[in-house]
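Chain by chain, the residues:
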Amino acid sequence: MSGGGTGIGRAIAVAFARAGEDVTIVGRRADVLAKVAAEFDTVTAVAADLSVPADVERVAATLDSVDVVVNNAGGAVYDGPLSTLEDQAAQWRAELDANVLTAALLTTALMPKLTRPGGRIVFMSSVAAVKGGGVYGAAKAALHGWAYALATRLGPDGITVNVVAPGYVADTEFFGERMSPEFHESRVRQTLVGRGGVPDDIAAAVTYLAAPDAGYITGQVIHVNGGSALGR
Ligand SMILES: NC(=O)c1ccc[n+]([C@@H]2O[C@H](COP(=O)([O-])OP(=O)(O)OC[C@H]3O[C@@H](n4cnc5c(N)ncnc54)[C@H](OP(=O)(O)O)[C@@H]3O)[C@@H](O)[C@H]2O)c1
């Protein structure tokens, strides 16, 4: 799975590891990954930039077979200037690289190794994909279309393909310096359940989709957002 060293990805990796599964976690920072791998015998860390094809090939070469691909890496990554068209292009490239290319390359590289039947692919989107969230939201929305196409292509092989779209989730590196008590409270007010999400909320949805008895769920977007966006 991608981005298993921090935040939501860490919670997903821990959930699978606690269930006794072998988990490979991938991110760019080896030291961050190593801390998670040190906690569990069944977690293997591979440092790689998943927007770089050669890195993804190196990751795929470490795996003989794969039951579940969790494409969790990503984020709203661009914080450069936006005054020129070149700047705007840089923003689009950065968001698409971080959120779409990472998922597309890893999924494509691992596709031949997926268990047939029974394999699972999960993409991590965002409420921003359906509520409007600038370039980041547009990049996440691109994953929905690709997930539908893959679900169609891989359904006959017994592989399901789904998207999890979190709303606000605290205890991650996602918001960086934007996080403050006031920011947290403003996000909590957008929910119907009166609290912010935690990484385990998202891990629960991912492990559910990955389970053998979720084989009749494919081509879906599962929203986990405390009611901050209704019924899409
Ligand atoms: N937190 C929220 O409120 C929220 C809401 C909706 C959706 N999401 C989505 O949930 C996912 C997880 O985010 P998070 O909230 O847990 O934030 P996070 O703590 O920043 O996690 C993102 C992870 O992705 C990894 N990553 C980023 N780019 C990568 C690349 N090119 N290659 C390999 N790994 C890469 C990062 O590790 P390295 O930096 O070490 O590479 C990091 O571990 C993201 O896709 C995010 O867009 C989050």
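Every value quoted in this text rests on a predicted model; they were computed, and no experiment measured them.

A.B. asks: I would appreciate a short explanation of the overall build of the protein chain in the present structure.
C.D. replies: Within the protein chain, the secondary structure is distributed over eight helices and six strands. In the protein chain, the succession of helices and strands from N to C terminus is α-β-α-β-α-β-α-β-α-α-β-α-α-β. Taken over the C-alpha atoms alone, the protein chain extends approximately 45 × 40 × 40 Å along its principal axes. Across the 232 residues in the protein chain, those meeting the buried criterion constitute 47%. Relative to all contacts within the protein chain whose residues are 6 or more apart in sequence, the contacts with residues 24 or more apart total 67%. Total accessible area on the protein chain stands at roughly 11,300 Å², and carbon and sulfur atoms take up 54% of it. Positive and negative side-chain charges in the protein chain, numbering 18 and 24 respectively, have mean positions lying 5 Å apart.

A.B. asks: Whenever I open this one, a nonpolar patch on the surface confuses me. Can you help?
C.D. replies: There is a patch of nonpolar side chains on the surface, built from Leu-192, Val-193 and Leu-230 and spanning about 340 Å² of accessible area. Overall, the relative accessible area of 61% leaves Leu-230 in the exposed class.

A.B. asks: Where do I start with the nonpolar core in this structure?
C.D. replies: Nonpolar side chains in soluble globular proteins tend to end up buried together. Of all hydrophobic cores here, the largest spans 29 residues; its most connected members are Ile-12, Ile-25, Val-43, Val-164 and Val-206. For this core, the elements supplying multiple residues, two or more each, are helix H1 (7-18), strand E1 (23-27), helix H2 (30-39), strand E4 (120-124) and helix H8 (199-210). No other element matches H1, which puts seven residues into this core. Once residues lying within four places of it in the same chain are set aside, the contact partners of Val-206 are Ile-12, Phe-16, Val-70, Val-122, Met-124 and Val-164. Core analysis: the second largest hydrophobic core is formed by 27 residues, Val-69, Ala-103, Ile-121 and Ala-147 among them.

A.B. asks: Looking at this structure, how should I read the sheet that holds strand E3 (residues 68-71)?
C.D. replies: Note: strands within a sheet are paired through backbone hydrogen bonds, in either parallel or antiparallel orientation. Ordered by their spatial adjacency, four strands build an open sheet running E3-E4-E5-E6, and the pairing between neighbours is parallel. Whereas interior strands pair on both sides, the edge strands pair on one side only; in this sheet they are E3 and strand E6 (221-224). Between one strand axis and the next, the sheet turns by 20° as a mean value, whatever way the strands run. Here five bridges tie E4 to strand E5 (residues 160-166), and the two strands are oriented parallel to one another. Paired with Ile-121 across the strands is Val-161, a residue of E5. Packed on one face of the sheet, H1 meets E3, E4 and E5 and runs near 160° to E3. Contacting E4, E5 and E6, helix H6 (residues 134-154) runs over the sheet at an angle of about 170° to E4.

A.B. asks: I would appreciate a short explanation of the site of the ligand in the present structure.
C.D. replies: Lining the immediate environment of the ligand, one finds 28 residues, of which Thr-6, Ile-8, Arg-28, Arg-29 and Tyr-136 sit closest. Ile-8 places a polar main-chain atom, nitrogen or oxygen, 2.8 Å from an oxygen atom of the ligand. Contacts to the ligand include Gly-75, whose backbone N or O atom sits 3.4 Å from an oxygen atom. Compared with its free state, where it exposes 870 Å², the ligand has 94% of that area covered by protein. When residues of the shell around the ligand are traced back to their parent elements, those giving at least two are H1 and H6.

A.B. asks: Help me understand the pairing of E4, please; the structure alone is not making it clear to me.
C.D. replies: The side chains of a regular strand alternate between the sheet's two faces. For E4, a buried count of five out of five residues is recorded, marking the element as mostly surrounded by other parts of the structure. Of the two faces of E4, the one holding Arg-120, Val-122 and Met-124 and the one holding Ile-121 and Phe-123 are both buried throughout. With four bridges connecting them, E3 and E4 associate as parallel partners. When the sheet's bridge partners are listed, Val-70 is paired in E4 with Val-122. Between E3 and its parallel partner E4, the chain crosses via helix H4 (residues 85-110), and the hand of that crossover is right-handed.

Cut-offs and rules
The residue numbering used here restarts from 1 in each chain and proceeds along that chain's sequence as written. The predicted origin of the model limits local features to residues at a pLDDT of at least 70 and limits the giving and counting of side-chain atom pairs to 80 or more, whereas totals for whole chains, interfaces and linings rest on all residues. The basis for every side-chain value is the complete set of heavy atoms in the structure, and neither hydrogens nor water enter the calculation. Every helix listed is a DSSP run of H or I at least four residues long, and every strand listed is a run of E at least two residues long, numbered separately from the N terminus. Each residue's exposure class comes from its accessible area (1.4 Å probe, protein chains only) as a fraction of the maximum for that residue type: buried when under 20%, exposed when over 50%, partly exposed otherwise. The criterion used for residue contact is that any of the two residues' heavy atoms lie within 4.5 Å. Surface accessibility in these figures is a Shrake-Rupley result with a 1.4 Å probe; residues are shielded only by whichever protein chains are displayed. When charges are counted, Lys and Arg are positive and Asp and Glu negative, with His and the chain ends excluded. Where a charge sits is defined by one atom per residue type, namely NZ (Lys), CZ (Arg), CG (Asp) or CD (Glu). Patch membership is restricted to residues that have no salt bridge and whose relative accessible area is over 30%. Joining uses 9 Å for like charges and 5 Å for the nonpolar side chains Val, Leu, Ile, Met, Phe, Trp and Tyr. A pair is scored as a salt bridge if a Lys or Arg side-chain nitrogen falls within 4 Å of a carboxyl oxygen belonging to Asp or Glu. Note on terminology: a nonpolar core comprises buried Ala, Val, Leu, Ile, Met, Phe, Trp, Tyr and Cys residues joined through side-chain atoms within 4.5 Å. DSSP bridges decide pairing: two strands pair if at least two such bridges lie between them. Here the axes come from fitting lines to C-alpha atoms, over the contacting stretch only for helices, and the angles between their N-to-C directions go from 0 to 180 degrees. Nearness is defined per residue: one heavy atom within 4 Å of the molecule or strand is enough. Here a polar contact is recorded for every N or O atom pair within 3.5 Å, except that within protein the pair must consist of a potential hydrogen donor and a potential acceptor, and residues adjacent in sequence are included only if both atoms are side-chain atoms. Convention used here: a crossover is right-handed provided that the path from the first strand, over the helix, to the second strand proceeds clockwise when the strands point away from the viewer.

Shape is all these values report; function is a separate question.
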